[in-house]
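# Structural features, examined
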Amino acid sequence: MRTFLRPAAGLTCVIALAAAGCSSGTDDSSGSGSTSRPRSSASPSESSSGDASDGSSGTAYAPYVSATTASGNDSAGSPSTYNLAFVIADGSDCAPAWNGTTAIGDSAVKSRISALTESGSTVRVSFGGASGKELASTCDSASELAAAYGKALDAAGATEADFDVEGTQLTDSASVALRSEAIALLQKEREDLSVTFTLPVMPSGLDDDSVALLESANDKGVEVSTVNIMTMNYGSTYDEDMGDYAKTSARAAHDQLEEIFGLSDAGAWKGLALTSMLGVNDVDNETFSLADAAEVRAFAEEKGVAWVSMWSTFRDQPCEGDDADSDDAATNCSGVEQGAGDFAEAFTG
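In every chain, residue numbers begin from 1 and rise along the written sequence. Residues qualify for local features only when their pLDDT is at least 70, as the model is predicted, and side-chain atom pairs are given and counted only at 80 or more; totals for whole chains, interfaces and linings, by contrast, use all residues. Side-chain metrics rest on all non-hydrogen atoms present in the structure, leaving aside hydrogens and water.

Now for the overall build of the protein. The numbering of helices and of strands both runs from the N terminus, where a helix is a DSSP run of H or I of at least 4 residues and a strand a run of E of at least 2. Within the protein one finds nine helices and 13 strands. Expressed as a percentage of its 349 residues, the buried residues of the protein come to 58%. Here the accessible surface of atoms and residues is derived via Shrake-Rupley with a 1.4 Å probe, and residues count as covered only by protein chains that are part of the display. Summed over its atoms, the accessible surface of the protein is roughly 12800 Å², and 45% of this surface lies on carbon and sulfur atoms. Three labels apply to residues, based on accessible area from a 1.4 Å probe with only protein chains included: buried if under 20% of the type maximum, exposed if over 50%, partly exposed otherwise in between.

This brings us to the pattern of salt bridges. Salt bridge criterion: a side-chain nitrogen from Lys or Arg within 4 Å of a carboxyl oxygen from Asp or Glu. Taken as a whole, this structure holds seven salt bridges when the rule is applied. For Asp244, the salt bridge goes to Lys247, with nearest N and O atoms at 3.8 Å. Of this pair, Asp244 and Lys247 both sit in helix α6 (residues 242-261), three residues apart, roughly one helical turn. The closest approach of N and O atoms between Glu301 and Arg297, which form a salt bridge, is 2.8 Å.

Moving on, we come to the confidence of the model for the protein. Confidence scores labelled pLDDT are given residue by residue by the predictor and lie between 0 and 100. With 82% of its residues at a pLDDT of at least 70, the protein reaches an overall mean of 86. This model gives residues 3-15 a pLDDT under 50, and the stretch forms 46 contacts once residues within four places in sequence are excluded. Every residue in residues 18-56 scores below 50 in pLDDT, and together they form 122 contacts with partners more than four places removed in sequence or on other chains. A contact between two residues is defined here by any heavy atoms of the two lying within 4.5 Å.

Note that Asp316 resides in the loop between β13 (307-311) and α9 (342-347). Spatially, the C-alpha atoms of Asp316 and Asp342 are 6.9 Å apart, while their sequence positions differ by 26 residues. Ignoring anything within four residues of it in the chain, the contact list for Asp316 reads Asn73, Leu278, Met310, Gln338, Gly339, Ala340, Gly341, Asp342, Phe343 and Ala344. Throughout this description, a polar contact denotes any pair of N or O atoms lying within 3.5 Å of each other; where both atoms belong to protein, one of them has to be capable of donating a hydrogen while the other can accept it, and for residues adjacent in sequence the pair is counted only when both atoms sit in side chains. There is a polar contact of 3.0 Å between the side chain of Asp316 and the backbone nitrogen of Phe343.

Further remarks concern the packing of α6 against helix α8 (residues 290-303). The description of two helices packed together rests on the angle between their axes and the distance between the axes. Two elements in contact, α6 and α8, have axes whose closest approach is 8 Å; the angle formed by their N-to-C orientations is 30 degrees. On the basis of their axis angle, the class for α6 and α8 is roughly parallel. For the pair α6 and α8, the crossing hand works out as right-handed. Between α6 and α8, the residues in contact are Met242, Gly243, Asp244, Ala246, Lys247, Ala250 and Arg251 and Asp292, Glu295, Val296 and Phe299, respectively. When residue character is reported, Ala, Val, Leu, Ile, Met, Phe, Trp, Tyr, Cys and Pro are called nonpolar, Asp, Glu, Lys and Arg charged, and the others, Gly included, polar. The residue makeup of the contact of α6 with α8, split by class, is five nonpolar, one polar and five charged. Here, axes are lines fitted to C-alpha atoms. For helices the fit covers the stretch in contact, and angles between N-to-C directions go from 0 to 180 degrees. Here the word oblique covers every angle except those under 35 degrees (roughly parallel), over 145 (roughly antiparallel) and from 65 to 115 (roughly perpendicular). Here a crossing is taken to be left-handed if its near helix is turned anticlockwise relative to the far helix by less than a right angle, and right-handed if that turn runs clockwise.

Below is the structure:
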């Protein structure tokens, strides 16, 4: 997904993937289970606000928002969880900062989080993104990295962490291994920590690097609550229906989660989340419409997907001018005909 740092402008069965089956022999085809999170077997993380237990439909709505700047569209659709984007390294140091520039304990951010959670919603801290330096590439040890992650979570008062890994970070095997080890350490310290990996996807599914990342997490004993696929930016050859592409990508990723984590059909759906880039995507021929959003929502409810999301609340409004600095579909509007907050309403049905 885009970042706020835009230039010039044997299965271990330790997964918590809202699970049904596991290679240890557990198989609950209903996709439901205990609210506890045992370290040695697959189980749903029912207490996590981003899981499928939220809302009458079973599929929650959890959009990406700016951690530093409020949008009038943040509360549209009444999100159960807000993904706060993004925590990355402050320069080359192993120090977390919002967008790499704002202090992790900034009072304005704290006030913003308080406003977001006032109605009962929770926040999930999203680490990484498309630009800047992810902490796994600047910290020297797993313990140091875990401490940096923990500092950000504590500052936000969050028990949910999202690791958005893409681009060069996804192909850096050293940082992938270090991140997995650090998250495992962090979960030993924080038994209630819910972990999501946000990964790029194609209609053919997750690529080899994303699969390797999930296998690394599994090997290190990380409990993964959800795998959030970014159904966007497929490439110039994908110029047809974006709603169909999202569903095709989800089906392919679902099958991969079954294999990687030994889940049942229902468990793999409940361990999946879908994030779309609303309106105009980064690829010229890709436009995700309101009809696509409604289509994805209906599909997610039918399959029992944990949650749906979008990039992002501050883009959920029409563009009203030609000045790219003040009204740009790449940063602060969708580039399609809509009313403010329409995509949020479509994603919540």
